[in-house]
Structure formats: C-alpha cells, structure tokens
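# Overview (structure and organization)
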Amino acid sequence: MILPMRRSTPLHNFVASVAVLAAATACAFGSELAAQQAPVMDRSMFSDPRGPYLGEAEVKRTAGRFPFYWTRAMYSGGGFRRGSWAVDFPKSDQQFLIVIKRLVRLNAYDWENPVGLWDPDLRKFPLIYMLEVGGMYLTDEEVVGLRGYMEAGGFVIVDDFWGGRQWDNFLWNMRRVFPDRTIVDIDLDHPVYSAYYNIDEVIQVPAIGNTYRTAECAGCYPQVKGMYDDDGRLMMMINFNTDLGDAWEWAEQPSYPLEYSTYAYQLGANMIVYAMSH
Amino acid sequence: MQGIFEFLFKYRPLVFEQGEFAFAAPLSVRTWLIVVGLIAAGAVATYTIARGKSSVVDRGVMAALRVGLLAVLVFCLMQPALTLSTVVPQQNFVGILMDDSRSMQLADEDGTVRSSFFAEQFTRGESPLIQALSERFVLRFFRFSDVARRVDGLEEMTFDGTHTNIANALDVARGELSGVPLSGLVVVTDGADTGERPLTEAIVPLQAAGVPVFTVGLGDETLEPDIELGRVELPRTALQGSTLMVDVVVTQSGFSRGSTVPVIVEDDTRILAEESVELGPAGEPVVTRIGIELQEPGARRVRFRIPGQPGERVERNNARNAWIDVVGESEKILYFEGEPRWEVKFMRRAVADDENLQLVLLQRTAESKFLRLEVSDSTELEFGFPTTRQELYRYRALVIGSVEASFFTFDQLQMIADFVSERGGGLLFLGGLSSFAEGGWAGTPVEEVMPVILGPPAGEEGYFSEIDVTPTPAGFAHPAVQLDAEPADLRTRWEALPPLTVVNPINAVRPGATVLLTGSRSEGGEQIVLSYQRYGRGTSIALTAQDTWLWQMHSDVTLEDQSHESFWKQMLRWLVDGVPNPVLAVAGEEEVEPGESVELTASVRDSTFLDVNDATVTATVTSPSGLVEEVPLEWTVEEDGQYAAPFRPLELGDYEIQINAQRQEASLGTDVTYLHSAPSDREFFGAARRTQLLRRIADDTGGQFYTRDNVATLPEDITISGAGVTLVDELDLWDMPALFLLMLLLMGAEWGYRRIRGLV
C-alpha cells in the first residue's frame, strides 16, 4: 500500500541540511542534474571531510581498518555498461554514507566498495547491497558465493526492482541459490522496523524521474520481504517495487520529495543497525 | 657407628651435646698449664742436651711424641668431666601421645602393622621401654586423631580416627600437663598430619616452656608399589552444558615410569569421562587434565578413581570425590558496545542457542541513543549504562566493546573496577578503535583492572595489523580456548583459523596475568591477544582482537566449523564461572564421618556486595532420611560478613544445607551447599612416614627423632634433656678408652720411631 508521508520531523530538517553537503558531493561526480545547477568541480577543488579513498584492492587487503564498509555486490546480468549491479553507482553509495554517518554512530569507510559475489573477499564484508536484481543472471560461481555468504552469516539488502517479470527473474536466481528456502513478507512488527527509527508504514520510494506517480509499473505496490535461515534469522531483506537507492542518491535535489528520501534513510539506518546486531 | 663412639668415648654423642665440659681437679687450669709447660720443657731439654747419633729431626720427633704423651697424662690428671642436668626420678612427668588414626592400620613392607608398636612397647610389665620410662618418670598417655584426649591404657585405642591432628594433640597434652614438672612429650605417629592448623602454632608455646618433643616415626618412608590420586579441584558451581577441564594429580612409587593407568570420572549414575594417565618418575606428582561435560542440572558428587593396580600397597588412596552444583539457570551478562560492530552480531549468534547464557546487549547507536536487546523488561537499561552499583551488580559479567573511557563518568569507571574487585564479576575488554589506550582508558580507575599494560595510544593514522593467533602453553590447557576440539586436534584447529586484525598494539601484560593467546603481527612482533588476571574477587580478561567474527565469516572457514561458536560459548561461560552470589554457603569439608564436626560458614553481603554483620543467618539442613534441622549461624567477629556454626551429621548419606540470610525481615539471599557423610579414606592419602616433619618437630623443641630401631635410648635421652625437676650430674671422662688408646699410640709411636732410626 502506498501511503503519503507529510510529516516534518527533526530528521526531515536534518536530511534537508545534509542535502547541501550532498549537493557538493554530487557535483564532484558530474551528474547531469547537478551539472545543471552548479559548476562542475573536481575533488581537489574543495576540502573533502571524508577519509582517504583506498581503492578496491587496498580495501580488501586491509578490511578491518574500519568497522563498517557499505558494500555493493557485483553480479552478472543485463544492464548498461558495467551491468545492472552498478545502477546509481557510485554516487548513491557515497551520498548514503555521508548521511548515514551523520545519523548513526557508524564508523564506516567513506567510499564505495563493490565486491563480486564470486570473490572470496566478499566474506570480509558481512553486509552487501544488491539492486536492480530484475536483470540479474547469476553465474554458477556467483550462486555458490552468495549461498556460502548468507549461510555463514552475511546479510543481503536487495533494492530497486519492479513488477512481476523482474520478481520472477530474481526468484529464479534465488531458487538457484537456495532451492528450498521461501521468501516471506516482513511485517511491520518485525524488529527491523524499530532497530533505530520507529517505522510504522512501508512507503513506495520512487526513482528520480518518477516522483509524480511513484510506481514504475501498473499495480506495483511496495513490499518488504525476507529470507530466513534454519534458525529463523533474517539473512536477506528485499525491498520490492521501491527504489531506496535513488532516494539516497538524489536526496539533495529540490525536485526529489523529502519524505521519500527521509523514509529511505530511516529504513537504511534500521537495516544497518539491525544487520549489525542480529 | 654410634656403638663405636660410645665404646671409645664412654657416652653417646647426645650426652656430649647436652652436657658441659669441665675439669674436676681442684687446681686451676692455669696452674696445670704451668706444670705441663715445665714438664714439657724438661722433656724437650733432655732431648736437646742428649748427644748421640740422633739428628736434630729425630730429636724433634721424639720430643714431640713424648710431650704429647705427657699432655694426655696431664689431661687425665685434670679429671675432665661432663656436667649434665638429669631429671630426678619419679619427680617429672612425660606425656606419651599415640596416633589413633586409621593410617595406623597400614602394614609396613615386612608385614608389621604400624599400630603393633604400641602393644610391643607400651604394654606395662612386658616392654623394657615402658619399664625404663616408668622408672624415671610419671607417664601420662594420650590418644589423638581429629581430637586428642587422655587415656589410661592401650585398650582405649581404636585406630579408627579420620584425621591426624598433631598440632591439636600437642596443645591438649601441653594444656593437661601445664601444672606439673614436664620432662618432655613423646609423639608416636606416622606423621601423616591432616590437620589444617600450622604446626608452628603448637610448637612455639612448647619452645617457650622449654618442653622437648621426642618423636617416634612409624611406618615406611615410601609405600611401594603405590599410586595415589593426590588432588582434584572442581569449582563449586558450573553452568549446565559446560565442559570442565579438571586437573588431576597422580603420584606413584614402585611402578615403572611411563606406564599408564586409567582415571575414571563418574557420578552416581554414569561415567562422565575416562582418561589414561602416564605415570611420572617415582614420587613426582604428574598433573593430568581431564575434560568432563556436565549436561544434567543439579548437585552431584563426582568421583575420580584409578582402579587398584596389581600388588598395590594402599588402594584406598586411589579415589577422590568432589561436589559440584550444575546450574541450569541462565547467567546474565551485560555487553556494552560503543558503536555498531560486527562482533555484536556474531557473538550473539554464537551463544544464541546456549540456554544458560543471557547476553544482554546495550549498544550505543548514536549519542545518547541505545539499542537494547535481550533485556528482561522494558525498564532494564532504559537510561543507558548503569549508574548505580545495585543496577550493575545484577549482572554476573560485563563485556566492554569499542567505547571510549570518556563516555563514562568517573563514578561509573570506579563502579566498573569495583564490579570486578568487590562484586567478583567477570570483565571482558574487547579490542576496537575506542578500546584500551586508543580509547583513553589509560589513567582511569579501570586501567589497573586490565590484565594488559597500555602503551601510548596509536597516533592519528591509527594502528592496524593482521595477526595469526596461536595458543600459548597455558592456553592449550585452558578451557576457554579448547574450541570443543579433541586435545590432539587442538593445535591443528587453531592453525586452520584465518587471521584476525588488531587496532590496539599491546605487547605486555601485568605481573601475575596469564597469556592464553598470542598473535604474530604481519609487520613482525608479537601481539597479546587473550590474557587474564585475578583482580580482587573477580577476573578480568582482555581480548585485543577486534573481529573474531572472521572465524565465522571468512571464506577459509567451512560452514560446519563451529570454532567461532565454541570459542564464544566457552569464553562467556568462563567469564561467569565462579562469580559469587551475595550469600555464599560453604561446608568446611565436603565429606565427613558420621558424628564428626564440620563448620558451616556463610559469607553474607547485600545487593551492593558490602559485607553485612547484622544479618540473621540460618542453615536449614536436610538429612539423607529427610529430617530437617535449623542451625543458626553467628557472626564470627574476626571477619566482616562471615558467619559460622558447627554441625555434626549423624546419618550416612548426602546432606543438603540451605543457608538463608535476612536483615530486618528482608532477604539478602540464599545459597545451597552439600555434605556427604561416609567413612573417610582421608588417612590413606600421603600415608607414608613423614620423617622430615617429625624430625623438624624434635629439632625445633630440643627433642630427638626415633624410629622403631633406635627407640630404646628414649628414656635415657629424656633423662638428660634438662627439662623438669633436675639434678646436676658429673660424668667422668678421664677413663675414656679413647684416652688410654691415645697414650698407647704415642708411646708405641716413639718406640717404633727409635726402632726404625736405629736409636734403640
């Protein structure tokens, strides 16, 4: 169910103010929207409060230097250029980290961290973010990697896929990972909704160009589903018919409604705090 | 040797030790010296003056021999003598203390039972020893075991005492004979003292009173062949499902080194473990560690035993019993974490199925915002970290993760230190960006609780290193790092675990701390990974690694590998192990004989673990047949919070003792302990003759030590001990055969010299 959100909370105000910082960040990566409103700036033109960018190889080698890495899973499948895994990458990841570190006392690496599902180093990062899974086509190696990751205790956040066709594709891939596990709804009384913020409704978060109608397909309503292990522990949280990633990425945009980005950050904080404690 | 000495010098060495040398001749020594000098000078002059074919050397030798002969003669003329204080016959008392304990039933290697000594030597009218003693002294007999009392004759001896309390026996005899002239005490025993009082406490008053103690040692100094299960130590309580590593001490004599014997661990219903023990060199204790799993809740008596071996002299020292209360309830641990970290998730997962651990999480997720998990109710920790002792002391252990010291108030820091030292709780520090020196813990009241030494904090760049973790020798033997592996596989298991990372460089521990795990740093050098120390009543542990969750998540670890789960279960169980309750009940002995007194004690503290001296403390004792008896305990006065009362079980079997403490109608707490009433084998442990102990008692008091072989001189030795009513006696030495032989030797030597040199 899509429920309008018209509240003014301290978080609203905070997200709005953070948007100013995020705007500067957005400029640094040359997004089209940002380019229309501000001159293009490279990273060296302003003092970046973030920590050093280490590079993918160094991050894997020194994993542990930070307690938390916002890790994006790379997988095989359709999509433009690098593939669907890279949608919104890396701006969404960087902006999400800027904001989430202001909201939560999270000692996190400040930069994006893409790791392949096939990569043994994936296990060094117990939480991964995976989006646009409607176009994924996992290789056998990735299937094995994802299965082992989740069975060992890794937590997967899935986001930004819409409609029955994409769901079926995602489900088909998950059947290859866990043939016998079912995907069930995560109701609002689940502790993930109160791990940090108290969330009492599930909102459909639209993509940046779709804020006027939110849904990307007819009859698509937002759902939060999950997959549990044999001991009843949540190991995958699936945000279906919603696009949290765009809300994180475009929070600084005046055209992007604040209530959606606020909700997206609330849920993001909850998912991280929950995953790191349960 | 002593016979030769006595033949040559007329008296035994002891007489020379006790006596004072003197000349009995009326003239002064100086006068005699002048006479001797004159005679010697004359003798030398005759040799000097005389002329013949002798040389100067010949004359010198002969003069020296002649002068020596004259000197011996003059020595005799001076009437040398020994002055001795000897007792006046029948004016003095001698106390004879006879060991009446069970170890007297043991037989020596030649088959002689120890107790037979009393019948042989102390039967009036039959034994020369008792006759000689009776002629000189008034004798008083005492029997002693756990208690000592005067007896009239040997017929009162039972040799069934369960203790050998020599200190108590000396005290009793000294007390009873304090009003009479006492020439000495004779203690006849094997010396296998099982009393808890230091012997010095009994010896010092005897030294002050000048009463010598003569000890007679019975039994063989070594019992061969024999195996003894020397010591077993079990904690009072253990959590259900725990694996205890119990040290068992085995000593052997007369068996070949390296041979093995089984140690069987059993309770009333089943065998808990069985382990082969390799015997060490004769007389040297060998410590073996046996793991036992405690699956069923409830109190039980665990028996450790080695089956009797062929030809073994004493089989009743092959078993030990120990009580343990297996607690089925859940122990509450507070884990305070300063930021979201993966250690939280994976530690919680690791112990989630352990019904005996309640890991309460308080995690700071933002400034003044906390995530609480596993709390008992909505009010628990609702304002964050406890601010009162009452609130903190509800937990039995505390885990502090990556949180800077400045988060806490000074009072909270002091409270954390007191949690260990006063409450007796377990405290575990975890490595992390805000832990140890990097978290500003140096200089706080908590610093000295830590088993590790904090260096300067890492700079702004921080410290980071990968470490390969290895147990130390102490670690291999410690239950917390066993990973549920078979002992033979433990090293392999640890080597297979992936490396961890540290952000707190720590390479030293406090004196007295024990290191269980170390790590080789990627850049070289050693990191202290896991160490602990006792601090006050509790234990503090430091785990400096920050990501043990890698032992669960790492791609090198198979899904079947339970190392991470085992590690944390064992760590947290260790953390709560032995943490005391406010009220602690203890029976002085876990096993006693029916009728034997045992002291029930209770330590009573309030909810803030302050000692309470005005409590009403009662023990409710339930006998094996179900009879219930109330025993009030009194404050001991000597120590705060300590209450005690004697209790004497009369039935055979297990007694349950529940101690309740109240103050002003409010309950301070209860605790239960157990007591087993049965015939005791205590006397058969360490039952060989303890010559050193008995010799020490004699030496310290001016007495003598004897065995069966030389006890005949005892009456005469007491006579010259100088204690009691005495006379001064003079013993002539001039007629010692040694002097006569010396004179003959000197004369013969001169004559022989002349013959050889042709001077005759």
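Residues numbered from 1 in each chain as written. Chains lettered and ligands numbered in written order. Predicted model: local features only at pLDDT ≥ 70, side-chain atom pairs only at ≥ 80, totals over all residues. Heavy atoms only, no water.

### Re the overall build of chain A
How we decide: The numbering of helices and of strands both runs from the N terminus, where a helix is a DSSP run of H or I of at least 4 residues and a strand a run of E of at least 2. When a residue's accessible area, from a 1.4 Å probe over protein chains only, is under 20% of the maximum for its type it is buried; when over 50% it is exposed; and in between it is partly exposed. Working rule for contacts: check all heavy atoms of both residues, and any pair within 4.5 Å makes them a contact. Areas reported here follow the Shrake-Rupley algorithm with a probe of radius 1.4 Å; residue values treat only the protein chains shown as occluding.
Looking only at helices and strands, one finds eight helices and seven strands in chain A. Looking at chain A residue by residue over its 278 residues, the buried ones come to 62%. Considering only intrachain contacts with a sequence separation of at least 6, the fraction spanning at least 24 residues in chain A is 75%. Summed over its atoms, the accessible surface of chain A is roughly 10,900 Å², and 53% of this surface lies on carbon and sulfur atoms.

### Some remarks on the pairing of strand β21 (residues 465-471) of chain B
All names here are of chain B. Put simply, the rule reads: Pairing between strands requires that DSSP locate at least two bridges from one strand to the other.
Only one face of β21 is buried, namely the one carrying S465, I467, V469 and P471, since none of E466, D468 and T470 on the opposite face is buried. Relative to strand β22 (residues 500-502), β21 runs antiparallel, the two being bridged by three bridges. The partner of S465 across the bridge, within β22, is V502. Looking at chain direction, β21 and strand β23 (residues 514-521) are connected through five bridges and run antiparallel. If you follow D468 over to β23, its bridge partner there is S520.

### Details of the pattern of salt bridges
Condition: Criterion for a salt bridge: a side-chain nitrogen of Lys or Arg within 4 Å of a carboxyl oxygen of Asp or Glu.
A complete count under the given rule lists 52 salt bridges over all chains for this structure. Residues B:E374 and B:R348 are paired through a salt bridge, measuring 3.1 Å at the closest nitrogen-oxygen approach. Taken together, the residues span a long stretch of sequence, with B:E374 in the loop between β18 (369-373) and α10 (389-392) and B:R348 in helix α9 (residues 342-351) at a distance of 26 residues. On the accessibility criterion, B:E374 (43% relative accessible area) is partly exposed. Here B:R348 falls in the buried class, since its relative accessible area comes to 13%. Taken together, the shared-partner salt bridges in this structure form one network comprising A:R105, B:R364, B:E367 and B:E404.

### Digging into the sheet that holds strand β6 (residues 223-228) of chain A
All names here are of chain A. As a reminder of what qualifies: Axes, fitted as lines to C-alpha atoms, cover a helix only where it is in contact. Angles between the N-to-C directions of the axes lie from 0 to 180 degrees.
The strand order across the open sheet built from seven strands is β2-β1-β3-β4-β7-β6-β5, with neighbouring strands paired in mixed fashion. Lying at the two open borders of the sheet, with one neighbouring strand each, are β2 (113-116) and β5 (183-185). Here the average twist between neighbouring strands, direction ignored, is 30°. Bridge analysis of β5 against β6 gives three bridges, and the strand direction is antiparallel. What sits directly across from D185, in β6, is K225.

### What to know about the sheet that holds strand β31 (residues 642-647) of chain B
All names here are of chain B. What the eight strands build is an open sheet, ordered β26-β28-β31-β30-β29-β32-β33-β27; its pairing is mixed. Of all the strands in the sheet, just β26 (583-587) and β27 (591-592) have a single pairing partner and so form its edges. When strand β32 (residues 653-663) meets strand β33 (residues 666-677), the two strands line up antiparallel, connected through 11 bridges. Across the sheet, residue R663 finds its bridge partner in β33, namely A666.

### Focus: the environment of A:L131
Residues and elements named next belong to chain A. Topologically, L131 is positioned in strand β3 (residues 127-131). According to the relative accessible area criterion, L131 is buried, its value standing at 1%. If we ignore the near neighbours within four places in the chain, the residues touching L131 are R72, Y75, S84, W85, V87, D88, D159 and D160.

### Overview of the nonpolar core
Within soluble globular proteins, side chains that are nonpolar tend to cluster in buried spots. Test applied: The criterion is simple. A nonpolar core is a set of buried Ala, Val, Leu, Ile, Met, Phe, Trp, Tyr and Cys residues joined through side-chain atoms within 4.5 Å.
Among the nonpolar cores identified, the biggest contains 137 residues, and A:M130, A:F170 and B:W568 are the most heavily contacted of them. It is helix α8 (residues 258-275) of chain A that provides the largest number of residues to this core, a total of 11 residues. Apart from residues no more than four positions distant in its own chain, B:W568 is found in contact with B:E343, B:M347, B:A350, B:V351, B:L428, B:L430, B:L543 and B:T548. Among the nonpolar cores identified, the runner-up in size contains 36 residues, and B:F419, B:L427, B:I506 and B:I528 belong to it.

### Focus: the state of the cysteines
Residues and elements named next belong to chain A. Formally: Two cysteine sulfurs form what is called a disulfide whenever their separation falls within 2.5 Å.
Across all of its chains, the model carries one disulfide over all chains by this definition. Shown here is the disulfide that connects C217 with C220, its sulfur atoms set 1.4 Å apart. Around the S-S axis, the bridge from C217 to C220 shows a dihedral of about -105° and counts as left-handed.

### Side note on the interface of chain A and chain B
For clarity, the threshold we go by: In this description, buried area is defined as the sum, over both parts, of the accessible area (probe of 1.4 Å) that is lost when the two are combined. N or O atoms within 3.5 Å of each other form a polar contact, as long as, within protein, one can give a hydrogen and the other can take it, and as long as residues adjacent in sequence are counted only when both atoms are side-chain atoms. Nonpolar residues are Ala, Val, Leu, Ile, Met, Phe, Trp, Tyr, Cys and Pro. Charged residues are Asp, Glu, Lys and Arg, and all others, Gly as well, are polar.
Each side of the interface is counted separately: chain A has 32 residues, and chain B has 34 residues. Between chain A and chain B, the buried area comes to about 2,900 Å², and carbon and sulfur atoms account for 56% of it. By the criterion of area lost to chain B, the three top residues of chain A are A:R105, A:R123 and A:M276, representing 25% of everything that side buries. Where chain A meets chain B, there are two salt bridges. Measuring nitrogen to oxygen at the nearest pair gives 2.1 Å for the salt bridge that ties A:R105 to B:E367. The tally of links between chain A and chain B comes to 12 residue pairs in polar contact (both at pLDDT 80 or more). Elements with a contribution of two residues or more to the side of chain A that touches chain B: α5 (140-152) and α8 of chain A. Ranked by residues supplied to the side of chain A that touches chain B, first place goes to α5(A) with four residues. Residues that form the side of chain A that touches chain B fall into these classes: 17 nonpolar, eight polar and seven charged.

### Thoughts on the confidence of the model for chain A
Residue and element names in this part refer to chain A. So the rule is basically this: Think of pLDDT as the predictor's per-residue confidence, scored from 0 to 100.
Averaged over every residue, the pLDDT of chain A is 87; residues scoring 70 or more account for 83%. The low-confidence segment residues 1-8, where pLDDT is below 50, has 22 contacts with residues more than four positions distant or belonging to other chains. pLDDT under 50 marks residues 20-41. Its contacts with residues more than four places away, or in other chains, come to 34 contacts.

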